[in-house]
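What the coordinates show
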Amino acid sequence: MSSHSFWYASSPTISKPLANVEDSRLKTWLIGIAGWLIALIVFFPIFWIAITAFKTEQGAYSPDLIFKPTLESFREVFARSNYKAYLLNSIYVSLGSTLLCFLIAIPAAYRMAFFPTPKTAGTLVWMMSTKMMPAVGVLLPVYLLFRTAGLLDSVWGLIFIYTLLNLPIAVWMTFTYFCEVPGAILEAARVDGASLMGELRDVLAPMSLPGISSTALLLIILSWNEAFWSINLTSAKAAPLTVFIASYSSPEGLFWAKLSAASLLAVAPIMVMGWLSQKQLVSGLTFGAVK
Amino acid sequence: MIKRLLPIAFLTGCLLSASSAFAQKTVTIAAVNNPQMIELKKLSSKFETENPDIKLNWVIVEENVLRQRVTTDLTTGSGQFDLVFIGIYEAPIFAKRGFLKEISNLPAAFDVDDVFKSLRDGASYQGKLYAMPFYGESCMTMYRKDLFDAKGLTMADKPTYEDIKKAADTLTDKSKGMYGITLRGKPGWGENMAFIDALAISMGCTWFDMQWKATLDTPEWRKTLNYYVDIMKKDGPPGATTNGFNENLTLFASGKAAIWIDSTAGAGTLFDKSQSQVADKVAFAQAPVGVAPNGGNWLWSWDFAIPKASKNPDAAQKFAAWACSKEYIKMVADDTGWATVPPGTRKSLYDNEAYTKVAPFAKVTLAAMAAADPNNPTVKPVPYTGLQYVGIPEFQSIGTTVGQNIAGVLAGSSTVEQALKASEAAANRAVKQGGYQK
């Protein structure tokens with residue numbers, strides 16, 4: 001604090017507004033520090049995975065930050081697994097399920113946002129409640145259904161199950177964004193002779209694009225990271241990156257460096273995508289949050 | 001028109017039949033991620049070259065995931081896998097339920113009699129073989145020879161648990177981060193219970209009497225748990241309830257523990273200079289004994305089995321027989337050296353000087369494997385088989401509950417008496433529900 005501010009602060013007439021400025025500055029600082037702290041805590045595991053991936057198996061256990069980096073684990077991982085096949089499956093499954101989700105979620109959310117019925121709120125809550133069921137509880141029936149339908153170890157099977165998993169989130173988020181669009185604009189479009197498709201394409205879509213694109217990003221990330229169903233329903237042909245990581249965990253022997261290399265390879269594409277689109281993601285997620 | 005199409009139809013027919021004649025049989029293998037399996041996957045390209053009509057598809061996962069996947073596949077008869085990797089505990093249980101195909105017509109060169117009888121018995125049901133042992137493990141005492149020498153201690157070839165306690169007490173120096181002993185503490189039927197079962201059997205304990213009444217709240221079990229908790233609290237590392245095989249392997253390999261009693265599978269890693277800081281200081285002795293002469297031993301093997309729903313059972317058996325053969329052991333030796341071959345399944349390996357010379361733990365492993373008898377596991381007669389498990393499907397849940405109760409004692413949240421009382425009640429409930437107890 002400078003001597004001037006000390007003088008101002010000690011002056012009874014102007015101390016109040018100055019204290020407010022000081023307060024808000026302190027608040028900004030505290031929020032900044034808290035934000036950085038949370039970011040560091042969230043990022044720490046990824047940082048640790050990244051450095052462990054470049055250590056030897058023997059050195060993987062030591063917490064040293066200074067070491068001689070090696071690509072040994074990456075070489076081993078590429079020699080042992082067909083990374084490209086896992087990566088392609090992850091891409092197909094996350095993009096496919098996200099597209100299918102929107103095909104169902106957009107009409108559903110449109111109907112619920114602009115033509116609500118007394119049962120709309122209840123339906124929304126019911127949809128979300130399906131997310132609360134533990135997945136393992138329905139493993140066996142789903143497995144049997146997949147076996148009968150010939151969907152075990154197929155990309156289509158995974159797309160189908162991920163669509164079911166993510167649909168409640170897709171509907172909820174799209175519904176929230178649609179609610180931000182004034183119904184009068186759509187009515188005006190209808191008066192001007194817009195068809196239903198035209199209304200969706202030319203009016204609704206551009207207005208809720210940030211929301212829809214951030215929902216898409218979220219759905220892609222959720223599908224990319226889903227491990228329970230992918231591990232249980234695929235084996236050789238349709239296995240995505242989560243199965244690739246699982247194959248490097250072991251109850252006996254040293255495996256941390258290889259597991260870290262595999263994990264880094266698995267999260268890298270989605271991290272880069274998240275990095276590039278973080279602006280849209282944040283603006284979409286906070287879309288309509290402050291009126 | 002039809003006439004014009006005839007040659008095309010004929011040609012298509014020819015092509016289709018030709019392609020089916022050369023069609024490859026795919027064998028999808030569900031396997032666990034461990035060094036032995038990774039080596040097998042690497043060398044399996046030789047098998048594929050020798051057998052161009054067979055294509056191998058590998059699904060390698062972590063042990064718990066493997067169990068879940070294989071059990072789901074077998075119980076639903078989905079035929080996702082043609083060959084599955086299962087433990088000696090599961091083999092007879094799955095065979096009894098008709099999930100597995102019998103292993104028969106093995107080639108003479110396979111020399112099935114060379115495989116340890118205890119492992120063959122463990123993988124059989126009603127005298128028929130249902131799985132082929134790929135590698136086996138038992139229990140041994142691993143200790144730091146240099147620390148023993150420095151304190152003037154000696155390790156008997158077959159120590160008693162009292163000997164272990166005295167040595168651990170002497171060698172513990174917590175101020176220097178040296179722990180006299182490290183043992184499994186992470187709860188789970190295949191985690192802490194694998195060791196505690198071996199300890200309990202050596203102390204004369206049983207899980208059930210001949211009427212399937214649980215016998216956990218007994219003086220023998222109290223003695224066992226008091227021993228385990230005392231030694232772990234006094235001489236063990238902090239936070240022992242999170243330590244499983246790998247954590248203990250790391251503690252010992254990084255020179256922080258003086259004694260470790262665990263699977264013979266650990267010996268190879270501890271003896272490998274690239275993975276262990278104590279490679280030239282480690283020595284091996286047999287598993288400790290209590291009142292039962294062979295009690296400290298356990299017997300476990302990882303086996304290949306063929307699901308009933310397999311689409312290509314013959315090709316699967318052909319590969320399994322190749323992987324479990326004497327020739328395969330030789331192949332691994334040529335590739336990475338004798339010390340890393342799949343141990344514990346074949347007598348001939350232990351007659352091989354090339355192996356015994358480079359693997360000083362071989363003699364101890366052989367003695368442990370020979371002494372282990374899963375069909376007569378305890379001092380008192382029992383209605384079940386299995387050395388560090390009870391060979392019934394309900395055991396996974398019983399073992400894990402008891403393991404959690406014991407971890408609670410180690411963490412200081414309950415007493416030995418409370419844990420055993422709760423464990424006995426849980427075990428009785430499970431066998432009553434399973435229809436064992438009348």
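Residues numbered from 1 in each chain as written. Chains lettered and ligands numbered in written order. Predicted model: local features only at pLDDT ≥ 70, side-chain atom pairs only at ≥ 80, totals over all residues. Heavy atoms only, no water.

What about the overall build of chain B?
What counts, and what does not: For helices the rule is a DSSP run of H or I covering at least 4 residues; for strands it is a run of E covering at least 2, with both sets numbered from the N terminus onward. Put simply, the radius of gyration uses C-alpha atoms, and a globule should come to 2.2 Å times the residue count raised to 0.38. Burial status follows relative accessibility: with a 1.4 Å probe on protein chains alone, a residue under 20% of its type maximum counts as buried, one over 50% as exposed, and anything between as partly exposed. In this description, contact between two residues means that some pair of their heavy atoms is separated by no more than 4.5 Å.
Helix and strand counts for chain B stand at 18 helices and 11 strands. Radius of gyration (C-alpha) of chain B: 24 Å, near the 22 Å computed for a compact globule of 438 residues. Overall size of chain B, expressed as C-alpha extent along the three principal axes, is 95 × 55 × 35 Å. Per-residue burial for chain B yields a buried fraction of 57% across its 438 residues. The contacts in chain B between residues at least 6 apart in sequence include a share of 76% that link residues at least 24 apart.

Concerning the interface of chain A and chain B
Accessible area lost when the parts come together is the quantity often used to give the size of an interface. What counts, and what does not: Buried area is calculated as the accessible area (1.4 Å probe) missing from two parts once they are joined, with the contributions of both summed. Salt bridge, as applied in this entry: a Lys or Arg side-chain nitrogen positioned within 4 Å of an Asp or Glu carboxyl oxygen. Distance and chemistry together define a polar contact, namely a pair of N or O atoms within 3.5 Å, with one atom able to donate a hydrogen and the other to accept it when in protein, and with adjacent residues in sequence counting only for side-chain atoms on both sides. Polarity classes work like this: nonpolar for Ala, Val, Leu, Ile, Met, Phe, Trp, Tyr, Cys and Pro, charged for Asp, Glu, Lys and Arg, and polar for all others, with Gly in that last group.
Contacts between the two partners involve 27 residues from chain A, matched on the other side by 34 residues from chain B. For the pairing of chain A and chain B, the buried interface totals around 2,600 Å² over both sides, and the portion due to carbon and sulfur atoms is 52%. Summed over the shared surface of chain A and chain B, the number is zero salt bridges. Run the count over chain A and chain B and you get 11 residue pairs in polar contact (both at pLDDT 80 or more). When residues of the side of chain A that touches chain B are traced back to their parent elements, those giving at least two are α3 (72–80), α6 (139–149) and α11 (228–233) of chain A. A breakdown of the residues in the side of chain A that touches chain B according to their chemical character gives 14 nonpolar, eight polar and five charged.

Regarding the pairing of strand β7 (residues 139–144) of chain B
Note on strand geometry: in a regular strand, side chains alternate between the two faces of the sheet. Residues and elements named next belong to chain B. Rules: Being paired, for any two strands, means DSSP has found at least two bridges between them.
In terms of burial, β7 is largely enclosed, as six of its six residues are buried. Neither face of β7 is open: one carries C139, T141 and Y143, the other M140, M142 and R144, and all of them are buried. In the sheet, β7 pairs with strand β9 (residues 257–263) via five bridges, with the strands oriented antiparallel. Note that in β9 the partner of C139 across the bridge is S263. Bridge count for β7 against strand β10 (residues 282–286) is five bridges, and the pairing is antiparallel. Within the sheet, the bridge partner assigned to Y143 lies in β10 and is A283.

Some points on the packing of aromatic side chains
Residue and element names in this part refer to chain B. The following threshold applies: Pairing of aromatic rings covers Phe, Tyr and the six-membered ring of Trp, with a centre-to-centre limit of 6.5 Å; geometry is then stacked below 30 degrees between planes, edge-to-face above 60, and tilted otherwise. Note on geometry: a ring has a charge over it if NZ (lysine) or CZ (arginine) is within 6 Å of the ring centre and within 35 degrees of the ring normal.
Following the criterion strictly, the structure yields 46 aromatic pairs over all chains and no others. Relative to W260, the ring of F252 has its centre 6.3 Å away and its plane inclined at 35°; by these criteria the two rings are tilted. Like W260, F252 is buried. Ring geometry for Y350 against Y355: centres 5.6 Å apart, planes inclined by 85°, an arrangement best described as edge-to-face. No difference in accessibility class separates Y350 from Y355, as the two residues are buried. One residue, R346, lies across the ring of F110, its end atom 4.8 Å from the ring centre.

Focus on the confidence of the model for chain A
For residues with low pLDDT, the predicted coordinates do not support detailed interpretation. Counted only if it meets this: pLDDT expresses, on a scale from 0 to 100, how confident the predictor is about each individual residue.
Per-residue confidence for chain A gives a mean pLDDT of 86; residues scoring 70 or more make up 89%. Here helix α1 (residues 3–10) of chain A stands out as the element of chain A with the lowest mean pLDDT, 43, in contrast to helix α4 (residues 83–114) of chain A, whose mean of 95 is the highest.

Notes on unusual backbone geometry
Residue and element names in this part refer to chain B. Although it is not a glycine, N105 adopts a positive phi angle of roughly 55°. With respect to the secondary-structure elements, N105 resides in the loop between α4 (90–96) and α5 (117–122). Note on N105: relative accessible area 74%, which makes it exposed.

Focus: the packing of helix α17 (residues 395–411) of chain B against helix α18 (residues 416–433) of chain B
Residues and elements named next belong to chain B. Here is the rule we go by: For helices, the fitted line uses only the C-alpha atoms of the stretch in contact; every axis is such a line through C-alpha atoms, and the angle between N-to-C directions lies from 0 to 180 degrees. Small angles under 35 degrees read as roughly parallel and large ones over 145 as roughly antiparallel, with 65 to 115 read as roughly perpendicular and the rest as oblique.
Closest axis-to-axis distance for the α17/α18 pair is 9 Å, and the angle between their directions is 170°. As summarised for this structure, α17 and α18 are arranged roughly antiparallel, according to the angle between their axes. Judged by residue contacts, I398, T401, V402, N405 and V409 of α17 engage V416, A419, A422, S423, A426, A427, A430 and V431 from α18. Looking at the contact of α17 with α18, its residues break down into 10 nonpolar, three polar and no charged.

Comments concerning the state of the cysteines
Let me state the cut-off plainly: Here, two cysteine sulfur atoms that lie within 2.5 Å of each other are counted as a disulfide.
For the structure shown, the criterion picks out zero disulfides over all chains. No disulfide involves A:C179; its sulfur sits 19 Å from the nearest other cysteine sulfur, which is in A:C101.

Quick word on the sheet that holds β9(B)
Residues and elements named next belong to chain B. The four strands are arranged β8-β9-β7-β10 in an open sheet whose pairing can be described as mixed. Each of the sheet's edge strands pairs with one partner strand only, and the pair in question is β8 (179–182) and β10. Looking at each pair of strands side by side, their axes are set apart by 20° on average, direction ignored.

Considering a nonpolar patch on the surface
Residues and elements named next belong to chain A. Applicable threshold: Here, patches come from residues exposed beyond 30% relative accessible area and free of salt bridges, joined within 9 Å for like charges and within 5 Å for nonpolar side chains (Val, Leu, Ile, Met, Phe, Trp, Tyr). Note on areas: these come from Shrake-Rupley sampling with a 1.4 Å probe, and a residue is covered only by the protein chains present in the view.
A cluster of nonpolar side chains, namely F43, F44, F47, L65 and I66, defines an oily patch on the protein surface of about 550 Å² accessible area. Tracing the backbone shows F44 in helix α2 (residues 15–53). Judged by its relative accessible area of 45%, F44 falls in the partly exposed class.

Description of the sheet that holds strand β2 (residues 54–61) of chain B
Residues and elements named next belong to chain B. Read from one edge to the other, the open sheet built from five strands follows the order β2-β1-β3-β11-β6, with strand pairing classed as mixed. Either end of the sheet is taken by a strand with one partner, and the two such strands are β2 and β6 (132–137). Averaged over all pairs of adjacent strands, the angle between their axes in this sheet comes to 20°, without regard to strand direction. Along the sheet face, helix α2 (residues 35–50) touches β1 (25–32), β2, β3 (83–87), β6 and β11 (300–305) and points at about 170° away from the line of β2. Sheet strands touched by helix α3 (residues 63–76): β1, β2, β3 and β11. Its angle to β1, the strand with the most contacts, is close to 130°.

Some words on the domain arrangement of chain B
All names here are of chain B. Selection criterion: Annotation comment: domain bounds sourced from an automatic or database domain assignment.
Split by domain assignment, chain B resolves into domain 1 (22–136 + 300–356) and domain 2 (139–296 + 379–433). The distance between the C-alpha centroids of domain 1 and domain 2 comes to 29 Å. Listed as interface residues are seven residues of domain 1 and, on the opposing side, 10 residues of domain 2. Together domain 1 and domain 2 conceal approximately 730 Å² of surface at their shared face, both sides included; 65% is due to carbon and sulfur atoms. Sorting the residues of domain 1 by area buried against domain 2 places Y89, I93 and W300 first, and these three jointly supply 64% of that buried surface. In this assembly, domain 1 and domain 2 are joined by zero salt bridges. Here domain 1 and domain 2 share two residue pairs in polar contact (both at pLDDT 80 or more) between them. A class-by-class count of the residues in the side of domain 1 that touches domain 2 yields four nonpolar, one polar and two charged.

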